[in-house]
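Letter by letter, the chains look like this.
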Amino acid sequence: MDRKALAAAFPVTLPVLMGYLAIGIAFGLMLQEIGYNFIWAFFMSLTIYAGSGQYLGVTLLSTAAGLGTVAVMTLLINFRHLVYGLSMLEKFRGMGWRKLYMIFSLTDETYALLSSAQAPVGVNPKSFYFAIAVLDQSYWILGSVIGAVAGAVIPFSTEGVDFAMTALFVVIAVEQWKTYRKHLPALLGCAVTVVFLIILGSVFGQDQMLLISLGVIVLILLILRDRLDEKEGEPC
């Protein structure tokens, strides 16, 4: 690891540090609550590294969901990461073996930093990007392990802790609302979810409703992707 790039990247990643520690600790607490210790928290954060995917994983593990359900739900919830990787291919060109890790590590927050952050004068840009990605994942791993250890050592109720992920999604939704001029993604997601909740929720159950509505939302967004490219400079 280039120490110069690491020193330059650390101040840039401080906001992510604060957020990932809090949300990672909440994930670790929830995982410990269903019987999986800090070792599981460490390896899930090392190999999966997706906040929404790991929160979903806690629910799927606790309900002993089938492998097919796990695969489809994970794909739909984290589908946006495919787009992240494709949009960064040019920026990651020439990074060698680090390119695969850079694509893997593109969380919402890391993607936002890499899209806007500029390497300081005298710092290799590729090493700077790599340092940002490594630091962000380190924060997430640290938070999840701390949460799992704390959950095992200090007995307390974790009721309501899972709302941390809901709060994160609210923040992402607000940011999306400010970014897109026509607010189509937010309105579309809300409308489809409500419709399927009314139509399917009472008949097939909420699990099936969520899976089907996510699939429909992703499909419609793919069809309308050209209309989503226009971003606003000032909030409406």
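These numbers were taken from a predicted model, which means no experiment stands behind them.

Asks: Help me understand the pattern of salt bridges in this model?
Replies: When charged atoms on two side chains of opposite charge get close, those side chains can pair. The final tally for this structure, using the stated rule, is one salt bridge. Where R93 meets E90, a salt bridge forms, and the shortest distance between an N and an O atom there is 3.0 Å. Residue E90 is classed as exposed on the basis of its relative accessible area of 53%.

Asks: I tried to follow the nonpolar core on my own but got confused; where do I start?
Replies: Generally speaking, a soluble globular protein has its nonpolar side chains buried in company with each other. If you look at the biggest cluster of nonpolar residues, it comprises 37 residues, and the most contacted ones within it are F27, M102, L114 and F128. Broken down by element, the residue count for this core peaks at ten residues, all from helix α9 (residues 125-153). When sequence neighbours within four positions are dropped, the list of residues in contact with F27 reads A41, M44, S45, Q54, Y55, V58, W140 and S144. Counting seven residues, the second largest nonpolar core, distinct from the first, contains L56, M73, L214 and V218.

Asks: Looking at this model, I keep getting lost on the environment of M95. Mind explaining?
Replies: Summarising the element assignment, M95 is placed in the loop between α6 (80-87) and α7 (98-104). As for M95 and Y129, which are separated by 34 residues in sequence, their C-alpha atoms are 9.8 Å apart.

Cut-offs used in this document
Residues numbered from 1 in each chain as written. Predicted model: local features only at pLDDT ≥ 70, side-chain atom pairs only at ≥ 80, totals over all residues. Heavy atoms only, no water. Salt bridge = Lys/Arg side-chain N within 4 Å of Asp/Glu carboxyl O. Buried < 20%, exposed > 50% of the residue type's maximum accessible area, 1.4 Å probe, protein only. Core = buried A, V, L, I, M, F, W, Y, C linked by side-chain atoms within 4.5 Å. Helix = DSSP H or I, 4+ residues; strand = E, 2+ residues; numbered from the N terminus. Contact = heavy atoms within 4.5 Å.

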